[in-house]
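For reference, the chains in residue letters:
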Amino acid sequence: MTIERREFMKRAGLIGGVAAAATTLPGCRRLFHPPPFRSPGLGSRPMLDCQASDSGIDHVVVVMMENRSFDHWLGWLADDDGYLDAGRRRYGHHFSIDGRQQQTIAGPNGPVHTAHVLDQAAEANPYRGCDHPDPGHGWDQGRAERDAGFLSPGSGNDEYATGYYLGEDLPFTSQLARRFTTFDRYHASLLGPTFPNREYLHSAQSGGTKDNTLPVATGGFEWETIWERLDRAGVSARYYYSDLPVLALWGTRVGGFLHPAADYFTDCAAGTLPSVSFIDPKFLGEGRTDDHPHADIRGGQGFVRDVFDAFVRSPHWHHGLFILTYDEWGGFFDHVPPPHFPDDRASAVDEDDFSQGGFRVPTVIASPFARPGFVDHDTYEHASVLRFLEWRFLGAPSHGPGRPGDSWFLTSRDRGAKNIGASLLSRRVTDDVGFDPAAIQLAPISPDCVGDVGGFALRAPSAPSVPEPPSDFQDAADSGYFEQVGAKILG
C-alpha cells in the first residue's frame with residue numbers, strides 16, 4: 001500500500017499545522033489558540049489558557065494498562081441514559097460519546113454479531129477468555145484488521161475479539177468514567193503491539209521497532225526519554241513497577257527512576273510523591289493485574305482502584321491529575337478507523353509507516369480540575385501525555401508546534417501531539433471524587449486458565465551470551481529469561 005506525496009508529507013508533519021504558537025500570557029488570560037471547550041455552568045476558563053506555572057497541577061500520575069479497545073471496554077457509555085442525561089444537563093443537548101457495542105462483523109462463516117462476554121453461555125471464564133487465543137494486535141495483524149475487519153484472514157482472531165463488557169462488569173472503571181473526563185478519540189500511538197506503544201509513551205518513538213524487541217545487544221535503547229528531560233529540568237519523577245520495569249528497556253541510565261510499586265503507596269501516604277509518577281501493573285505470572293488476556297479483569301479493576309484511591313487520599317490530590325489509559329487495542333473490535341499522526345518515520349510504504357496510529361483505547365483523566373461527566377472528542381495518542389508534561393514542566397507551548405529552533409520536544413510526534421490537558425479547567429470543580437474507591441467491592445480473581453501462557457510475545461536480537469527468548473511473555477517469565485536479559489541490559 002502506498003500513499004500520495006502530499007499525504008506522506010502531511011503524516012511526517014512537514015506541511016499543515018506548522019504555524020508558530022503564540023506566546024503564553026501572564027496569569028490565566030486568553031491564548032492565541034482557544035481550545036473548543038467552553039462549558040456552561042462551570043464558570044472557569046480552560047487550564048491551557050493559563051501559564052503552566054499557574055495551572056494548579058503539581059502532581060501527575062499515569063497508569064497504562066494492557067490490550068483493550070474503546071468499543072469493547074467503554075462503548076456501553078453510549079447507551080447509558082443516566083450518563084447521557086447528566087451530560088446534556090451540564091453541557092447542552094449535543095452532548096454525546098462515540099461508542100458502538102452493537103455491531104455486525106464479517107466472519108469466515110458469515111456475519112458475527114458482537115456480544116456481551118458474560119452472556120455467552122459457552123464461555124468457561126468470561127473474565128479471562130480462557131477458551132480463546134490472545135486476539136491479534138501485532139504490526140501485520142493490526143493492518144489486516146484495519147483493511148478487512150476484525151475476523152479477517154491474518155487478524156489472528158476468533159469471536160472472542162468481538163465480545164464486549166458492560167459497566168457493571170467494570171465496577172471501578174465505570175464509576176471513574178462517569179464521574180470524570182473520558183476520551184472517545186484517544187488512539188494507540190502505533191498500529192502495533194505492547195512495547196512499541198509503551199516506548200512512545202516514554203519517548204515519542206519506538207526507535208523503528210515494530211515488535212516487542214528487547215535491546216540486548218546495546219544494553220538498552222539509546223534514544224532520549226521524557227525521564228531524562230524531566231531530570232535535567234529539576235523535575236522530580238519516579239517510575240513504579242509491579243514486576244517487569246518497562247522503563248528498564250533504556251538500560252542503566254534510567255535506573256535511578258525505578259522504584260517498586262510498594263513505594264508508590266508509601267509515598268502517597270507520606271505526601272512525598274514526585275511531580276511525575278508512572279505506575280505499571282503486574283505483567284507476569286499468576287495474579288496478573290494488567291488486563292491483558294488471559295488475566296482476570298477483576299484483578300485489573302482492583303489494581304487501578306487501589307492506585308487511584310491512594311492518590312485521592314494523599315495530600316497531592318488537591319493539585320493532582322490522574323491519567324488512566326491502555327497501551328493498545330489488543331485486537332478487540334472498534335468502529336473508528338485508526339488515524340495518522342506526524343512522525344519522524346512516516347513512510348509512503350504502509351508496512352514501514354510509523355505515522356499509522358492504532359485503534360482507540362479506553363482513556364480517562366481524573367482531577368479536581370477535570371470536567372465532571374465530560375467527553376473530549378479531539379484526537380489524542382500516547383504522546384499527548386508527554387505534551388502535557390512538556391507544557392506543565394518543560395516550557396512547551398500549550399498548543400501547536402512552537403517556534404523554529406525550539407527544543408522542548410523529543411520527536412515530531414510529541415511536537416505535533418494534542419495536549420491531553422485541553423479539557424481541564426483553570427479552577428477546581430471540586431475535590432470530591434463523588435464515590436469512595438475503597439468501598440468498591442470486587443469478587444476474588446479466578447484461577448489462571450488451564451495451560452495458560454498468557455502475556456505478550458517478546459523478541460530479542462541474537463546474542464552469544466543470551467538465549468533466544470521463549471515466544472510468549474509468560475513462558476519467558478517462567479523460564480528465568482528476564483533475569484538473564486535484565487542482567488545484560490541493567491548490568
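As shown above, the structure is provided for reference.
What comes next is a walk through the structure. (Residues numbered from 1 in each chain as written. Predicted model: local features only at pLDDT ≥ 70, side-chain atom pairs only at ≥ 80, totals over all residues. Heavy atoms only, no water.)

**Re the state of the cysteines**
Evaluated as defined, the whole model comprises 1 disulfide. Cys-130 shares a disulfide with Cys-449; S-S distance 2.0 Å. Looking along the S-S bond of the Cys-130-Cys-449 disulfide, the torsion reads about -75°, which is the left-handed sense. Of this pair, Cys-130 sits in the loop between strand E4 (115–116) and helix H4 (139–148) while Cys-449 is found in the loop between helix H11 (412–416) and helix H12 (473–479), placing the two residues 319 residues apart along the sequence. Looking at Cys-130, the relative accessible area reads 23%, which means it is partly exposed. For Cys-449, a relative accessible area of 8% corresponds to the buried category. (Disulfide = S-S within 2.5 Å. Helix = DSSP H or I, 4+ residues; strand = E, 2+ residues; numbered from the N terminus. Buried < 20%, exposed > 50% of the residue type's maximum accessible area, 1.4 Å probe, protein only.)

**Topic: the environment of Thr-363**
Residue placement: Thr-363 occurs in the loop between strand E10 (320–326) and strand E11 (364–366). When the C-alpha atoms of Thr-363 and Thr-181 are compared, they prove to be 8.7 Å apart, with 182 residues separating the residues in sequence. Not counting residues within four places of it along the chain, the set of residues in contact with Thr-363 comprises Leu-74, Thr-181, Thr-182, Phe-183, Tyr-186, Leu-324, Thr-325 and Ile-420. Within the structure, the side chain of Thr-363 is placed 2.8 Å from the side chain of Thr-325, a separation counted as a polar contact. (Contact = heavy atoms within 4.5 Å. Polar contact = N/O pair within 3.5 Å; in protein donor to acceptor, adjacent residues only side chain to side chain.)

**Looking at the packing of helix H5 (residues 171–179) against helix H9 (residues 297–313)**
Taken N-terminus to C-terminus, the directions of H5 and H9 make an angle of 50°; their axes are 8 Å apart at the nearest point. The angle between H5 and H9 falls in the class oblique. Contact residues: H5 offers Pro-171, Phe-172, Thr-173 and Leu-176, while H9 offers Gln-301, Val-304, Arg-305 and Phe-308. Residue composition of the contact of H5 with H9, by class: 5 nonpolar, 2 polar and 1 charged. (Axes fitted to C-alpha atoms, helices over the stretch in contact; angles between N-to-C directions. Parallel < 35°, antiparallel > 145°, perpendicular 65-115°, else oblique. Nonpolar A, V, L, I, M, F, W, Y, C, P; charged D, E, K, R; others polar.)

**Side note on the pattern of salt bridges**
Tallying each qualifying case throughout the model produces 26 salt bridges. Taking the shortest distance from any N to any O, the salt bridge between Asp-147 and Arg-146 comes out at 2.7 Å. Taken together, the salt bridges that share partners define one network made up of Glu-66, Arg-198, Asp-280 and Asp-327. (Salt bridge = Lys/Arg side-chain N within 4 Å of Asp/Glu carboxyl O.)

**Looking at the sheet that holds strand E7 (residues 237–241)**
Here we have 8 strands laid out as an open sheet, ordered E8-E7-E9-E1-E10-E11-E6-E12, and mixed in their pairing. Every interior strand has two partners, whereas the edge strands, strand E8 (258–260) and strand E12 (374–376), have only one. Taken over all neighbouring pairs, the strand axes of this sheet differ in orientation by 20° on average, direction set aside. The pairing of E7 with E8 spans 3 bridges and is parallel. Residue Tyr-240 lies in a different strand from E8, and its bridge partner there is His-259. (Pairing = 2+ DSSP bridges.)

**Examining the side chain of Gln-356**
Within the secondary structure, Gln-356 sits in the loop between E10 and E11. Look at Gln-356 and you get buried, because its relative accessible area is 2%. When sequence neighbours within four positions are dropped, the list of residues in contact with Gln-356 reads Arg-143, Arg-146, Ser-189, Leu-190, Leu-191, Pro-338, Pro-339 and His-340.

**Describing the pairing of strand E9 (residues 276–279)**
On E9, burial covers both faces: Val-276 and Phe-278 on one face and Ser-277 and Ile-279 on the other are all buried. Both strand E1 (residues 59–65) and E9 contribute to a ladder of 4 bridges, which runs parallel. Within E9, the residue paired with Val-63 across the bridge is Ile-279. The pairing of E7 with E9 spans 4 bridges and is parallel. By the bridge assignment, Ala-237 is partnered in E9 with Val-276.

**Observations regarding the nonpolar core**
Of all hydrophobic cores here, the largest spans 102 residues; its most connected members are Leu-176, Tyr-264, Phe-308, Phe-322 and Phe-388. No other element matches the 8 residues that H9 contributes to this core. Beyond its immediate sequence surroundings of up to four residues, Phe-388 is in contact with Met-47, Ile-57, Val-60, Leu-321, Asn-419, Ile-420, Gly-421 and Leu-424. Counting residues in each nonpolar core, the second largest holds 9 residues, with Val-112, Leu-151, Leu-191 and Phe-333 among its members. (Core = buried A, V, L, I, M, F, W, Y, C linked by side-chain atoms within 4.5 Å.)

**Describing the environment of Ala-148**
Position of Ala-148 relative to the elements: it lies in helix H4. Here the alpha-carbon distance between Ala-148 and Ala-106, two residues 42 residues apart in the chain, equals 8.7 Å.

**Observations concerning the side chain of Ser-203**
With respect to the element layout, Ser-203 can be found in helix H6 (residues 194–203). Only 2.7 Å separates the side chain of Ser-203 from the backbone oxygen of Glu-199, close enough to count as a polar contact. Within the structure, the side chain of Ser-203 is placed 3.0 Å from the backbone oxygen of Gln-205, a separation counted as a polar contact. Beyond its immediate sequence surroundings of up to four residues, Ser-203 is in contact with Trp-223, Glu-224, Thr-225, Trp-250, Leu-386, Leu-410 and Thr-411.

**Some details on H5**
Residues lying three or four places apart along an α-helix face the same way, a consequence of the helix completing one turn every 3.6 residues. Inspection of H5 places Phe-172, Thr-173, Ser-174, Leu-176, Ala-177 and Arg-179 among the buried residues, and these make up the whole buried set. Looking at the buried residues of H5, the elements they touch are helix H2 (70–74), helix H3 (81–91), strand E6 (181–183), H9, E10 and E11.

**Regarding the packing of helix H8 (residues 261–270) against H9**
Axis separation between H8 and H9 bottoms out at 8 Å; the angle between their running directions is 25°. As summarised for this structure, H8 and H9 are arranged roughly parallel, according to the angle between their axes. In this structure, H8 uses Tyr-264, Phe-265 and Cys-268 to contact H9, whose residues at the interface are Asp-306, Val-307, Ala-310 and Phe-311. Here the residues of the contact of H8 with H9 sort into 6 nonpolar, no polar and 1 charged.

**Digging into H6**
Most of H6 sits out of view: 10 of its 10 residues are buried. Listing the buried residues of H6 in full gives Thr-194, Phe-195, Pro-196, Asn-197, Arg-198, Glu-199, Tyr-200, Leu-201, His-202 and Ser-203. For H6, the secondary structure elements touched by its buried residues are E1, helix H7 (226–232), E7, E9, helix H10 (383–394) and H11. Positive backbone phi, at 65°, marks Ala-204, one or two positions downstream of H6.

What is shown is where atoms sit, not what they do.
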